[in-house]
Amino acid sequence: MSTRVPQERRRRRPTRSGVLLSEDLIVATALRLIGEHGPEALSVRRLGAALGCDPSALYRYFHGTDDLVLAIADRIIGDAMAGFVPGDDWVAALREMALRVRAGYLAHPRAAALAAHRVTRRRNEIQAVETGIGLLLSAGFEPARAARLYLAFIDTVLSHAAADAAFEALPRERREADHRAWRNVYQGLDPATHPALTAIRPELPGMADSSFEEAVDLMLEALAARAPVERREAGDADRLGPPRPSPGDRHPGIGVPGARPR
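Residues numbered from 1 in each chain as written. Predicted model: local features only at pLDDT ≥ 70, side-chain atom pairs only at ≥ 80, totals over all residues. Heavy atoms only, no water.

**Quick word on the overall build of the protein**
For step 1, the next point in the chain: Scanning the protein from N- to C-terminus turns up 11 helices and zero strands.
For step 2, the next point in the chain: Across the protein, helices and strands are ordered from the amino to the carboxyl terminus as α-α-α-α-α-α-α-α-α-α-α.
For step 3, the next point in the chain: For the protein, the proportion of its 262 residues judged to be buried stands at 40%.
For step 4, the next point in the chain: For the protein, the exposed area adds up to about 14,400 Å²; of that, 55% sits on carbon and sulfur atoms. (Helix = DSSP H or I, 4+ residues; strand = E, 2+ residues; numbered from the N terminus. Buried < 20%, exposed > 50% of the residue type's maximum accessible area, 1.4 Å probe, protein only. Areas by Shrake-Rupley, 256 points an atom, 1.4 Å probe, with all protein chains shown as cover.)

Pasting the structure below:
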């Protein structure tokens with residue numbers, strides 16, 4: 001059953017503050033409120049006050065706050081995937097999709113907690129799923145296999161992106177305290193009781209960084225290894241020309257650093 005509010009119920013006159021309501025405006029305002037005050041700010045009353053309208057007017061556009069949450073999640077997906085055109089390299093295309101998802105969550109870290117585990121059943125999510133599964137089908141996977149592997153891929157991406165966004169949503173002092181812990185606590189442990197941690201002592205500060213790109217690359221390497229043999233061989237023939245980036249390489253133009261933001 002559709003969750004969309006019929007067009008005829010939507011407001012066609014300005015609010016008392018002179019604003020003409022629309023679904024896009026409501027979603028943008030909700031994202032701003034969440035960004036400023038956290039997910040708890042998402043209420044019909046506060047949203048109505050921010051828009052200068054009676055709270056009941058919002059029900060002309062959304063059935064309730066959960067319907068609005070789904071629209072917010074879909075907006076984050078749409079913004080992240082805007083302009084994305086997959087190339088011939090399906091591995092590189094999936095990697096770019098993953099980095100775009102992470103960038104979208106980091107742009108709205110407090111809203112990401114509401115979005116990561118939901119199914120929006122809206123246009124942007126549907127197109128993203130269509131694109132991702134299409135890339136796996138183009139790699140030669142059978143439909144049932146493509147569906148399961150896409151689920152494993154996107155669950156990995158969403159969970160790691162949500163973890164990075166949750167860290168970014170913490171107050172600065174808590175993020176800095178977590179960062180210092182790898183130096184002040186872990187690097188000072190007794191070698192007799194913690195030999196493994198002692199062995200990697202110089203590397204411990206790096207444990208504060210995001211593992212997102214490493215996790216995505218591991219997943220993509222596993223997917224590439226499972227691609228049908230004939231498709232892998234065709235890909236090897238293609239590589240007789242200029243070499244394509246491996247899953248572990250940085251792809252230009254993405255603009256998403258590997259380190260967790262500070």
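**Regarding the packing of aromatic side chains**
The relative placement of two aromatic rings is captured by the distance of their centres and the angle of their planes.
For step 1, the next point in the chain: The final tally for this structure, using the stated rule, is three aromatic pairs.
For step 2, the next point in the chain: Judged by centre distance (6.1 Å) and plane angle (90°), the rings of tryptophan 90 and phenylalanine 141 are edge-to-face. A residue pair is termed long-range when its members are at least 10 positions apart, and tryptophan 90 in helix α4 (residues 90-107) and phenylalanine 141 in the loop between α6 (123-138) and α7 (143-169) qualify at 51 residues. Note on accessibility: tryptophan 90 and phenylalanine 141 belong to one class, buried.
For step 3, the next point in the chain: Centroid distance tyrosine 150 to phenylalanine 153: 6.4 Å. Interplanar angle 45°. Geometry classified as tilted. (Phe/Tyr/Trp six-rings, centres within 6.5 Å; stacked < 30°, edge-to-face > 60°.)

**Description of the nonpolar core**
For step 1, the next point in the chain: Ile72, Trp90 and Phe153 are the most contacted members of the largest nonpolar core, which totals 57 residues.
For step 2, the next point in the chain: Leave out the neighbours within four places in its chain, and isoleucine 72 touches Val27, Ala30, Leu31, Ile34, Leu42 and Ala111. (Core = buried A, V, L, I, M, F, W, Y, C linked by side-chain atoms within 4.5 Å. Contact = heavy atoms within 4.5 Å.)

**What to know about the packing of helix α3 (residues 65-81) against α4**
For step 1, the next point in the chain: Contact geometry of α3 with α4 gives a least axis separation of 8 Å together with a crossing angle of 125°. The angle between α3 and α4 places the two elements in the oblique class. For the pair α3 and α4, the crossing hand works out as right-handed. Note on element contacts: α4 touches α3 through Met97, Arg100, Val101, Gly104 and Tyr105, opposite Ile76, Ala80 and Met81.
For step 2, the next point in the chain: In the contact of α3 with α4, the residues fall into six nonpolar, one polar and one charged. (Axes fitted to C-alpha atoms, helices over the stretch in contact; angles between N-to-C directions. Parallel < 35°, antiparallel > 145°, perpendicular 65-115°, else oblique. Left-handed = near helix turned anticlockwise from the far one by under 90°. Nonpolar A, V, L, I, M, F, W, Y, C, P; charged D, E, K, R; others polar.)

**Section: the packing of helix α1 (residues 23-37) against helix α2 (residues 44-51)**
For step 1, the next point in the chain: Between α1 and α2, the least distance of the axes is 10 Å, while the angle of their chain directions is 110°. The orientation of α1 relative to α2 falls into the category roughly perpendicular. Residue-level inspection shows Leu25, Ile26, Thr29, Ala30, Arg32, Leu33 and His37 of α1 in contact with α2, the latter providing Arg46, Leu47, Ala50 and Leu51.
For step 2, the next point in the chain: Considering only residue class, the contact of α1 with α2 consists of seven nonpolar, two polar and two charged.

**Describing α1**
For step 1, the next point in the chain: Taking 1.5 Å as the rise per residue, α1 with 15 residues should run 21 Å; its terminal C-alpha atoms sit 21 Å apart, in good agreement.
For step 2, the next point in the chain: What α1 keeps buried is the set Glu23, Ile26, Val27, Thr29, Ala30, Leu31, Leu33 and Ile34.
For step 3, the next point in the chain: Contact partners of the buried residues in α1: α2, α3 and α5 (109-115). (Expected span 1.5 Å × (residues − 1).)

**What to know about the environment of alanine 169**
For step 1, the next point in the chain: Checked against the element boundaries, alanine 169 lands in helix α7.
For step 2, the next point in the chain: Taking the C-alpha atoms as reference points, alanine 169 and histidine 108, separated by 61 residues in sequence, lie 8.7 Å from one another.
For step 3, the next point in the chain: Aside from chain neighbours lying at most four places away, what touches alanine 169 is Pro109 and Arg110.

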